Amino acid sequence: MTHDSSRPTPPAAEHLTAQSSSAATSQTEGQPFVHDARIVLWAPSFVASRSDGDLESAVDGFYHGDRRYLRSLHVTVDGVRLAATNAVTEAADRALFEAVLRQVGQSTADPAVTLRRERSVAPARFTELIEVTNHGSQQVACTLRVSARADFAAMDAVKAGARPATVPAACEGSGLAWTAGGDRLTLTAGDATADGATSDDATIGADGDEGTLLFPLSLAPGQTWRRVLTARAESGTPTPFAPVAATERPWDTLEVSCADADFARLLSQSEQDLSRLLLADPEAPGDLFAAAGAPWFLTLFGRDSLWTARMLLPLGTGLAAGTLRTLARRQGRATVAATEEQPGKILHEVRAEQQALAGGTRLPPRYFGTIDATPLWISLLHDAWRWGLPDAEVAALLPNLEAALSWLTEYGDPDGDGLLEYIDATGTGLANQGWKDSGDSIRFRDGSQAKAPIALCEVQAYAHQAALAGADLLDAFGRPGAPRYRDWAAHLQQAFRRSFWVADEHGRYPAIALDADKRPVDSVTSGMGHLLGTGLLDAAESRLVADRLLHPGLADGYGLRTYATGNGGYNPLGYHVGSIWPHDTAIAVHGLARAGFPDHARRLAEPLIAAAPAFDSRLPELFAGTPRHASRRPAPYPASCRPQGWSAAAAVALLQALLGLEADVPAGRLTLRPATGTTLLPLTVTGLRVAGAPLTVHATPDGTVRADTPAAVTVDVQRAAPVRAS
């Protein structure tokens, strides 16, 4: 369920070559690295910059709706570049940058003049308060220069490492403007002088593509000069989704008091990021969903938005409801070869424009090339119902449920072998259509690549769970067809048991997939973690998977590796062949907890929590799978999104799993079965919701747990003895 739709076959091509749907391209440099970028956002807009606040690297800029408006922004004083001293992400939409101006106003070796930038992003706009303060003992006269360029580059061009041509700057009124086609960017400066410091009006200049604002300053000792820069984007192409006001967030503030301060900070930062990743469906502005992530995927992705909403169900059902309805409105209605649309199918992604990617891949604005979004949609509807989504809202989606169930049996299994498989029939779509959608992700243990059609192990688990969940909903709401889907799930389970299990020197385990010849693709991968708790495995099989997940080949890093170290082609920086994805680890942790392995869940969760401080408590899309003994902090994957929707939501999934928190509102029950021995305790959590009512959970180190809620549910606290690894 990755968002990397730029990774078609051949696997390495997206880092080497690219074609762009944007205007003229002067050169291609490879996919930009973003691990050191400072990103502040309010979907569908964000700013990426360096630690000194300047916009200068290949990925930096001010973006709105999949297009970069401002390409570069530099602030200097008398030609002196800023010496950055501090950069703080104060909130998802705000950042602070502090610097000193070396040799400016100095009478000793100590810096005398500082520059402070407070950046704030809102949809289609960002502002920057610039403050220059003279801390020295002498009068300072200097000139502050702001220079900027714009290129209106399409996101696919930026991601490919292309360098689109910039556009001419123009002086306009009291500011600068750039225009290309129907797109427009303005940059203005507002008045804000204080403390007696003086500044003449800015001198505005435009020389080719560069626009400049010059401010002559005169600062007495102790004085501060202030100015506010404002950039505004006007799009000639309507963005497919609308921004969400801060007051419209569909959950309460999550407050955590915890023995592990790192985990508390992770939850706080994750909630902030998720709030700013929200977008609204313009067809029903009250329906919200989480965009996949910045910088590359700030839009609706089927599987990603579904997993994010599913992980956040303990915060309430509002996000799940909006996500379900937004996707239901765009559910497949016909068979369209070019977009891979099929009746009942849930789409992969929505963009404003076609994405022209590496290796000749062309993804249309509305693309359905995904095998797993449809069963995940069904399971989210079922799980939201169990967490208290009102019956009327569930009932309204039952026709979409029936269409999705029909897709499972009529389109998802084209060869009739009882398993779901995919193949890119267009020749220009994604070669792999599960969450590990890079071209090199599905490999045999010797490192050779599998050929499509491919049946993924986790997709069989999703489909099995969805068929049973869908049947339960049909029964609960008096609709026909439930026995058919239960029978179908039973046949799928039998087919899986016959076909997927393989063995090595450590014992039996499920292969990642079956290839075109129905051979098990026998690499050891994280995919098996998605099988737990879905009902696909029996108790003995679940135990085999639980123990294998903790094997050092998969789990001696800061989380669960996508691909074990003993496999041919293992690479700790391979996108899906050795890296660690926080959401992937969280899914396995949650599955372990549901399957009755709380100690396994704790042992897999704790390294991921320990990784968070290395990323300022903002877990990225993925990071390197290097072992913990090799480094005291995890290494970044250089092109990873951060923030990322399901990586942020993973923190809530870990919390739910470690508490053993499950809801069944239709049955009037709330269950807690906390893990023992966790370093998180004591722990108190407020801001959770069940059946639309507040829920607070208290847990102590001795295993005592209390849940407080006015909801009409019976709280069942279970103390399960930990099941330790063999």
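Before reading further, recall that the structure is shown in the block above.
Okay, so let's go over this structure. (Residues numbered from 1 in each chain as written. Predicted model: local features only at pLDDT ≥ 70, side-chain atom pairs only at ≥ 80, totals over all residues. Heavy atoms only, no water.)

**Concerning the overall build of the protein**
Each helix and strand in the protein was counted, giving 14 helices and 37 strands. Against the compact-globule benchmark of 27 Å for 726 residues, the protein has a radius of gyration of 26 Å, which places it among compact chains. With respect to the principal axes defined by its C-alpha atoms, the protein has extents near 80 × 60 × 50 Å. The proportion of buried residues among the 726 residues of the protein is 61%. Nonlocal contacts in the protein, meaning residues at least 24 apart in sequence, comprise 68% of its contacts between residues at least 6 apart. Only carbon and sulfur atoms are counted for the fraction: they give 50% of the accessible area of the protein, which is about 23,900 Å². Where the 64 positive side-chain charges of the protein centre and where its 81 negative ones centre are 3 Å apart. (Helix = DSSP H or I, 4+ residues; strand = E, 2+ residues; numbered from the N terminus. Rg over C-alpha atoms; globule rule 2.2 N^0.38 Å. Buried < 20%, exposed > 50% of the residue type's maximum accessible area, 1.4 Å probe, protein only. Contact = heavy atoms within 4.5 Å. Areas by Shrake-Rupley, 256 points an atom, 1.4 Å probe, with all protein chains shown as cover. Lys, Arg positive; Asp, Glu negative; His and termini not counted. Charge placed at Lys NZ, Arg CZ, Asp CG, Glu CD.)

**Details of helix 10 (residues 539-549)**
Those residues of helix 10 that fall on the buried side of the exposure criterion are E541, S542, V545, A546, D547, R548 and L549. The elements touched by buried residues of helix 10 are helix 9 (482-499), strand 28 (501-504), strand 29 (507-510), helix 11 (552-555), helix 12 (582-594) and helix 13 (598-611). Structurally, the start of helix 10 carries an N-cap: the backbone nitrogen of A540 is 3.2 Å from a side-chain oxygen of D538. (Polar contact = N/O pair within 3.5 Å; in protein donor to acceptor, adjacent residues only side chain to side chain.)

**Quick word on the packing of helix 2 (residues 261-276) against helix 14 (residues 645-659)**
Here helix 2 crosses helix 14 at 135°, and the two axes come no closer than 9 Å. Taken as axis vectors, helix 2 and helix 14 run oblique relative to one another. For the element pair helix 2 and helix 14, the recorded crossing hand is left-handed. The segment helix 2 lies against helix 14, with F263, L266, L267, S270 and L274 engaging G645, A648, A649, A651, V652, L654 and L655. A per-class count over the contact of helix 2 with helix 14 returns ten nonpolar, two polar and no charged. (Axes fitted to C-alpha atoms, helices over the stretch in contact; angles between N-to-C directions. Parallel < 35°, antiparallel > 145°, perpendicular 65-115°, else oblique. Left-handed = near helix turned anticlockwise from the far one by under 90°. Nonpolar A, V, L, I, M, F, W, Y, C, P; charged D, E, K, R; others polar.)

**Here we look at the pairing of strand 4 (residues 61-64)**
If a strand is regular, its side chains alternate between the two faces of the sheet. Here strand 4 shows two buried faces, one formed by G61 and Y63 and the other by F62 and H64. Pairing between strand 3 (residues 45-49) and strand 4: four bridges, direction antiparallel. Of the residues in strand 4, the one forming a bridge with F46 is Y63. Pairing of strand 4 with strand 5 (residues 67-77) involves two bridges; the strand directions are antiparallel. Looking across to strand 5, one finds that F62 is bridged to L70. Hairpin remark: strand 4 followed by strand 5, antiparallel, with two residues in the connecting loop; positive phi at G65, about 55°. (Pairing = 2+ DSSP bridges.)

**A look at the packing of aromatic side chains**
The geometry of two aromatic rings is summed up by the distance between their centres and the angle between their planes. By the definition in use, this model includes 14 aromatic pairs. Between the aromatic rings of W385 and F477, the centroid separation amounts to 6.2 Å while the plane-to-plane angle is 55°, which identifies the pairing as tilted. Placement of the pair is W385 in helix 5 (residues 373-386) and F477 in the loop between helix 8 (457-476) and helix 9, with a sequence separation of 92 residues. The exposure class of W385 is buried, given its relative accessible area of 12%. (Phe/Tyr/Trp six-rings, centres within 6.5 Å; stacked < 30°, edge-to-face > 60°.)

**Let's talk about the sheet that holds strand 27 (residues 455-456)**
Overall, antiparallel pairing links the three strands, which are arranged 27-30-31 in an open sheet. In this open sheet, the two edge strands, each paired with only one partner strand, are strand 27 and strand 31 (520-521). Examined bridge by bridge, strand 30 (residues 513-514) and strand 31 share two bridges and lie antiparallel to one another. Counterpart to L514 in the pairing with strand 31 is P520.

**What to know about the pattern of salt bridges**
Summed over all chains, the structure comprises 53 salt bridges. Measuring nitrogen to oxygen at the nearest pair gives 3.2 Å for the salt bridge that ties R386 to D664. Of this pair, R386 sits in helix 5 while D664 sits in strand 32 (residues 662-664), and the two are 278 residues apart along the sequence. Classification of D664 by relative accessible area gives buried; the value is 11%. Linked by salt bridges that have partners in common, D281, E283, D287, R325, R329, R330 and E393 make up one network. (Salt bridge = Lys/Arg side-chain N within 4 Å of Asp/Glu carboxyl O.)

**Quick word on the sheet that holds strand 20 (residues 255-258)**
The four strands are arranged 20-34-35-36 in an open sheet whose pairing can be described as antiparallel. Strands with a single pairing partner mark the edges of an open sheet, and in this sheet they are strand 20 and strand 36 (705-708). Put simply, the sheet's adjacent strands are angled 20° from each other on average, direction ignored. Examined bridge by bridge, strand 20 and strand 34 (residues 683-690) share four bridges and lie antiparallel to one another. Its bridge partner being in strand 34, V256 is matched across the sheet by V685.

**Here we look at the side chain of D372**
Residue placement: D372 occurs in the loop between strand 26 (366-367) and helix 5. There is a polar contact of 2.7 Å between the side chain of D372 and the side chain of T370.

**Looking at unusual backbone geometry**
The omega torsion of the bond from A294 to P295 falls at 10°, within 30 degrees of zero and hence cis. Mapped onto the elements, P295 comes out in the loop between strand 22 (284-290) and helix 3 (302-311). That bond from L681 to P682 is cis: its omega, 0°, falls within 30 degrees of zero. Looking at the element boundaries, P682 is found in the loop between strand 33 (669-672) and strand 34. With a phi angle near 55°, F152 is a residue other than glycine that sits in the positive phi range.

**A look at the environment of S379**
Tracing the chain through its elements places S379 in helix 5. What makes S379 buried here is its relative accessible area of 2%. Separated by 136 residues in the primary sequence, S379 and P243 place their C-alpha atoms 27 Å from one another. With residues up to four places along the chain from it excluded, the contact list for S379 reads R310, Y462, Q465 and A466.

**Details of helix 8**
The end-to-end C-alpha distance of helix 8, which contains 20 residues, comes to 29 Å, matching closely the 28 Å that a straight helix rising 1.5 Å per residue would cover. Most of helix 8 is tucked away, with 16 of its 20 residues classed as buried. (Expected span 1.5 Å × (residues − 1).)

**A look at the environment of L266**
For L266, the position within the fold is in helix 2. Its relative accessible area of 0% is what places L266 among the buried residues. A sequence separation of 346 residues divides L266 from A612, and the C-alpha atoms of the two residues are 6.5 Å apart. When neighbours within four sequence positions are excluded, L266 is seen to be in contact with A612, S617, L619 and A651.

**A closer look at the environment of Q718**
Counting through the fold element by element, Q718 comes out in the segment after strand 37 (714-717). According to the relative accessible area criterion, Q718 is partly exposed, its value standing at 30%. Q718 sits 13 residues away from V705 along the chain, and the two C-alpha atoms are 9.0 Å apart. Residue contacts for Q718: discarding those within four places in its chain leaves T671, L672, R673 and P674. A polar atom in the side chain of Q718 sits 3.0 Å from the side chain of D716.

**Let's talk about the side chain of T525**
Here T525 lies in the loop between strand 31 and helix 10. The buried category is assigned to T525, whose relative accessible area is 2%.

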